[in-house]
Structures are given as C-alpha cells and as structure tokens.
Amino acid sequence: MYTINGNYLQLQGSYLFSDIAKKVAAYQEKNPGAKVIRLGIGDVTQPLAPAIVEALQRAVEQMGTAEGFHGYGPEQGYDFLREAIVEHDYRARGLSVAADEIFVSDGAKCDVGNIQEIFGADNRVAVCDPVYPVYVDTNVMAGRSGRFVQDAGGFERLIYMPCTEENGFAPSLPETAPDLIYLCFPNNPTGAVIPKDALQRWVDYANEKGAVILYDAAYEAYISEDNVPHSIYECSGARTCAIEIHSFSKNAGFTGLRLGYTVVPKDLAQNGLRLHSLWGRRQGTKYNGAPYIVQRAGEAVYSTEGKKQLKKQVGYYMENARLIREGLRDMGYCAYGGVNAPYIWLKTPDHMSSWAFFDLLLQRAQVVGTPGCGFGKSGEGYFRLTAFGTQENTREALARIRRL
Ligand code: MLT
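Below: a short report on this structure. Computed from a predicted model, the values in this text were never measured in an experiment. (Residues numbered from 1 in each chain as written. Predicted model: local features only at pLDDT ≥ 70, side-chain atom pairs only at ≥ 80, totals over all residues. Heavy atoms only, no water.)

### Some remarks on the overall build of the protein
Piece 1. Each helix and strand counted, the protein has 12 helices and 17 strands in total.
Piece 2. The C-alpha radius of gyration computed for the protein amounts to 21 Å, which stays within 12% of the reference 22 Å derived for 404 residues, consistent with globular compactness.
Piece 3. Along the first, second and third principal axes, the C-alpha set of the protein runs to 65 × 60 × 55 Å.
Piece 4. Across the 404 residues of the protein, 52% fall into the buried class.
Piece 5. Once local pairs closer than 6 in sequence are excluded, the contacts in the protein between residues at least 24 apart make up 73%.
Piece 6. Per element, the accessible surface of the protein, about 18000 Å² overall, is 50% carbon and sulfur.
Piece 7. Measuring between centres, the 41 positive side-chain charges of the protein sit 4 Å from its 45 negative side-chain charges. (Helix = DSSP H or I, 4+ residues; strand = E, 2+ residues; numbered from the N terminus. Rg over C-alpha atoms; globule rule 2.2 N^0.38 Å. Buried < 20%, exposed > 50% of the residue type's maximum accessible area, 1.4 Å probe, protein only. Contact = heavy atoms within 4.5 Å. Areas by Shrake-Rupley, 256 points an atom, 1.4 Å probe, with all protein chains shown as cover. Lys, Arg positive; Asp, Glu negative; His and termini not counted. Charge placed at Lys NZ, Arg CZ, Asp CG, Glu CD.)

Structure (structure tokens):
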C-alpha cells in the first residue's frame, strides 16, 4: 500500500490565493449581479505590448515552417534570450553576470519554489514575516517545517523575520544564523524596499555565515527611487552568496505566457561544489525549457520598442499605485508601499482582523484584496491591494471604499 508524503500534512489549509478565489466564487454565487473588483492576486490586466505580440506572431510563423521549427530547446534557455538578459539587466548596469549563469524558466514562482531542492533537508531557512507563501510552503513540502531535535537542544528549521511598521518592514539580521535566506525587494506583500547599504549588510552576513541568499527581484521594474538596488549583484561579494530570481510577469505582463530566469553565479560554491552545476542538473532532469515562442517574446522585452512600451505599461500600474496610496491616506488609512512596488499595504481600520476587513470590503464594496495574515503572523491587521487592476476599476474601487 502506498504512503503519502507526510510533509504535506504540515501545510496550512490551502494556498492563500485559492482560499480567496473560493470565497469570492461563493459570494458571486449568492449575489450573481454583483460587479466584483479584484485587487487581490497580483495578476496583470493590460494587454501584451505590441512589440511582444509581433515577436510571438513571428515565432509562431517560424514554427510552422520546416526551417524555422524548434523542438526541445536548450534547458537553460536559448542564447538569444540569455544574451539579451545579460546585456540589458546586468552589463548595462555595470554588473558582472555571464550568459551561461542565466537559467531561463517558466516563471519566478516555479524557480523560488524549486530552488530549495538543491539544498539539504536540514538547512535552516529564514523568511520575512509577512512573506510570499511559496517560500514557506515549498520548504514545508521538503520537510523543513518542524523542530530539528539534536540531543537535548534543537532548533526550528524555519526562522521568521518580522517586518513591521516599527522596523519599516525591513527584516533584521537573525540571531540564529540561517543557511538559506529568502529576500524579496521590492517586497511582496508590503511594497517596502531597502537601500543598497542595507542589502550590502545582508550580503556580508551571508558570506560570513556561509549562507545563501535567494533574492527574488520580481518587482525590480517598479523601482522609482534612487539608491534602491535593482539587483543584489550591485553589492560586493554577492556572487559568492546570492542566487537572483527574475520574472517577466510583472514588468512585461507575462502572467499568462510564463517566463522568468534565475542567476546562479559560478562563484557560488562550497568545497569546490558549484550550486550552478547542481541547478543545471536539476533543470536538465526535470525541465525541458521554456517554449521557443515565449522566449522570442522575452527577447522583444529588451528591444527598443519593447522597452518603450513596457515603461509605459509599468507607469500605468504605478499611477494606480499612486491613486490607491494617496486615496487611502486621504480617507485616513495608514498605507505603505506603492512607490517602488505595485502593492499597497494598509492597516485595517479600528484594529479589525485581516479576514474581517476582507469580508467587509467584499460584502459592502464588492472589492477583493488580500488579507495580510495570509502572508504570515506579522501580516495580521494588514491588508494588501494590488495596482495591477485597470485604472477604471481602481478608481471605482477607491470610490466604493470611500463610501464605506
Ligand atoms: C501575488 O499576488 O502575490 C502574486 O501574484 C503571486 C505570484 O506572482 O505568484
């Protein structure tokens, strides 16, 4: 008889965004005429930029010809895309990353979830609290949830680093040294960023402790202020301690196309064993590479036209962020984020719980957001709104909240 992976029993309920979707579906079933505005999950709403559509069309045409057909591609991604990434995201910023250190994938969510597989089950993992649930859940699935008992002592495998109003939503270096550290800046869900000197302290700490930073840079395109690092490789010493993960979802609207990439520097090694080789081995075995047509679309993100069009698209969402942040503040809410990130992190009024506020907004304003407690204990009493809606819906949602 089969047995199941008991680690799955340690997971909390269901995935946060599935819970929300179920609640909204139940509400809509009871109120079929209601016009619900969704500012919950960070899914984009603007159509693909013309440069991307043209690249897709060209690639599809090619695939329909004998000469242009592409079957399995290189698992790490086509050279044309890896070169474009290196040129625009790194070399243009004076950063040293080589094309063969780029692993193209079908999105950052998969990479942040899968990357922990190359580390031992006994690693201690530090995560921010509140946190993007994928970091926690995938580590729990791998058995890194409970207490590691060693003789009479022991330690928790998951180390939560509170990010609160008091510390400006920036985690402090943990007292118990972790082996793996997930950082995400601009942050999901709080929208917070940290300046370069603060990130440098994390890099120095990781090098000193022999830890690896898993740096999620999915929202890098939303940085609007100076002195906010766009890449962890801006910090000296990052090549020996950091893996950086990027997404095409938020900067180029690829949530439905799926594309991302992970940088594993060849300098990241322990006793001569390179994480680059392990991740390459993992991807080679479990992954056949992102589709050719999607990688051609990714290449178009870096074209002159593509860059211009996407700058406008990011600007559109950031105008939503401004509207939400300023609108909420004007109504008397305490609202954070939305300056370097497409998320606004607000304090629920009158100490309401996050889920009570979720229900209130859904029932009385037909607006859907994400309860802060879904991201962790320190998220209780907070609520996240995304700037990825249409401007029309964003304005309408704010008007409804104001009427409350
Ligand atoms: C979110 O809402 O936190 C994001 O959409 C999650 C994701 O990109 O997977």
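### Digging into the sheet that holds strand β9 (residues 242–247)
The strands making up a sheet associate through backbone hydrogen bonding, with each pair oriented either parallel or antiparallel.
Piece 1. Ordered in space as β2-β10-β9-β8-β7-β3-β6, the seven strands form an open sheet in which the pairing is mixed. The sheet is open, and its two borders are formed by β2 (102–105) and β6 (158–162), each paired with just one other strand. Neighbour to neighbour, the strand axes of the sheet diverge by 20 degrees on average, direction disregarded. (Pairing = 2+ DSSP bridges. Axes fitted to C-alpha atoms, helices over the stretch in contact; angles between N-to-C directions.)

### Here's the deal with the packing of aromatic side chains
Piece 1. Under the definition given, this model contains 23 aromatic pairs.
Piece 2. Ring centres 5.3 Å apart and planes at 80 degrees place the aromatic pair Tyr 78 and Tyr 292 in the edge-to-face group. Highlighted residues: Tyr 78 in the loop between α2 (50–63) and α3 (79–90) and Tyr 292 in helix α9 (residues 292–301), separated in sequence by 214 residues. Across this residue pair, the class does not change: Tyr 78 and Tyr 292 are buried.
Piece 3. Arranged with centres 5.7 Å apart and planes meeting at 40 degrees, the rings of Phe 248 and Phe 254 form a pair that is tilted. Like Phe 248, the residue Phe 254 is buried in the burial classification.
Piece 4. Aromatic rings pair up to connect Phe 17, Phe 169, Tyr 336, Trp 345, Phe 375 and Tyr 382 into one cluster. (Phe/Tyr/Trp six-rings, centres within 6.5 Å; stacked < 30°, edge-to-face > 60°.)

### Section: the site of the ligand
Piece 1. Neighbouring the ligand are the residues Phe 17, Ile 41, Gly 42, Lys 109, Tyr 132, Asn 188, Lys 250, Tyr 343 and Arg 384.
Piece 2. In the model, an oxygen atom of the ligand is placed 2.7 Å from a nitrogen or oxygen of the Arg 384 side chain.
Piece 3. For the ligand, whose unbound accessible area comes to 260 Å², protein coverage reaches 85%.
Piece 4. When grouped by side-chain class, the residues that make up the shell around the ligand number four nonpolar, two polar and three charged. (Near = heavy atom within 4 Å. Polar contact = N/O pair within 3.5 Å; in protein donor to acceptor, adjacent residues only side chain to side chain. Nonpolar A, V, L, I, M, F, W, Y, C, P; charged D, E, K, R; others polar.)

### Comments concerning the pairing of β2
Piece 1. Burial of the side chains of β2 extends over both faces: Ile 102 and Val 104 are buried on one face and Phe 103 and Ser 105 on the other.
Piece 2. As paired elements, β2 and strand β10 (residues 260–263) share four bridges and run antiparallel to each other. From the neighbouring strand, Ile 102 faces β10, where its bridge partner is Val 263.

### Let's talk about the nonpolar core
Piece 1. Ile 52, Ile 181, Leu 183, Ile 213 and Ile 243 are the most contacted members of the largest nonpolar core, which totals 128 residues.
Piece 2. The greatest single-element share of this core, amounting to eight residues, is contributed by helix α10 (residues 304–330).
Piece 3. In contact with Ile 52, not counting residues within four places along its chain, are Ala 252, Phe 254, Leu 257, Ala 297, Ala 300, Val 301 and Leu 310. (Core = buried A, V, L, I, M, F, W, Y, C linked by side-chain atoms within 4.5 Å.)

### Considering helix α11 (residues 354–365)
Because each turn of an α-helix spans 3.6 residues, side chains separated by three or four positions end up pointing in the same direction.
Piece 1. In a regular helix each residue adds 1.5 Å, so 12 residues correspond to 16 Å; α11 covers 16 Å between its end C-alpha atoms and thus fits that length.
Piece 2. Restricting attention to buried positions, one finds in α11 the residues Ser 354, Phe 357, Phe 358, Leu 361, Leu 362 and Ala 365. Angular distribution of buried residues about the axis of α11 spans 130 degrees; they occupy a single face of the element.
Piece 3. Those residues of α11 that are buried lie in contact with α1 (16–30), β14 (343–347), β15 (367–368), β16 (370–371), β17 (382–386) and α12 (391–403).
Piece 4. Gln 366, located one to two residues past α11, shows a positive phi value of around 55 degrees. (Expected span 1.5 Å × (residues − 1). Arc of directions from axis to C-beta.)

### Digging into the sheet that holds β16
Piece 1. Read across the sheet, four strands follow the order β13-β14-β17-β16 without closing on themselves; strand pairing throughout is antiparallel. Each edge of the sheet is formed by a strand with only one pairing partner; in this case those strands are β13 (335–337) and β16.
Piece 2. Where β13 and β14 come together, three bridges link them in antiparallel fashion. The partner of Ala 335 across the bridge, within β14, is Leu 346.

### Some details on the environment of Ala 99
Piece 1. Looking at the secondary structure, you find Ala 99 in the loop between α3 and β2.
Piece 2. Through-space distance from the C-alpha of Ala 99 to that of Ala 84 is 8.7 Å; in sequence the pair is 15 residues apart.
Piece 3. Beyond its immediate stretch of four places on either side in the chain, Ala 99 contacts Arg 82, Glu 83 and Val 86.

### Regarding α9
Piece 1. Most of α9 is tucked away: seven of the 10 residues are buried.
Piece 2. Among the residues of α9, those classed as buried are Tyr 292, Val 294, Gln 295, Ala 297, Gly 298, Ala 300 and Val 301.
Piece 3. At its buried positions, α9 is contacted by α2, α3, β2, α7 (249–252) and α10.

### Quick word on the pattern of salt bridges
Piece 1. A full pass over the atoms with the stated rule returns 19 salt bridges.
Piece 2. A salt bridge links Glu 299 to Arg 296, with the nearest nitrogen and oxygen atoms 2.8 Å apart. In this pair, Glu 299 and Arg 296 both sit in helix α9, three residues apart, roughly one turn of the helix.
Piece 3. Take Arg 296: its relative accessible area is 24%, and that puts it in the partly exposed class.
Piece 4. Counted as one network, the salt bridges with shared partners bring together Glu 319, Arg 322, Arg 325 and Glu 326. (Salt bridge = Lys/Arg side-chain N within 4 Å of Asp/Glu carboxyl O.)

### Things to note about a nonpolar patch on the surface
Piece 1. A cluster of nonpolar side chains, contributed by Tyr 2, Ile 4 and Leu 9, occupies part of the molecular surface with about 420 Å² of accessible area.
Piece 2. Tracing the backbone through its elements, the reader meets Leu 9 in the segment before α1. (Patch = residues over 30% accessible without salt bridge, like charges linked within 9 Å, V, L, I, M, F, W, Y side chains within 5 Å.)

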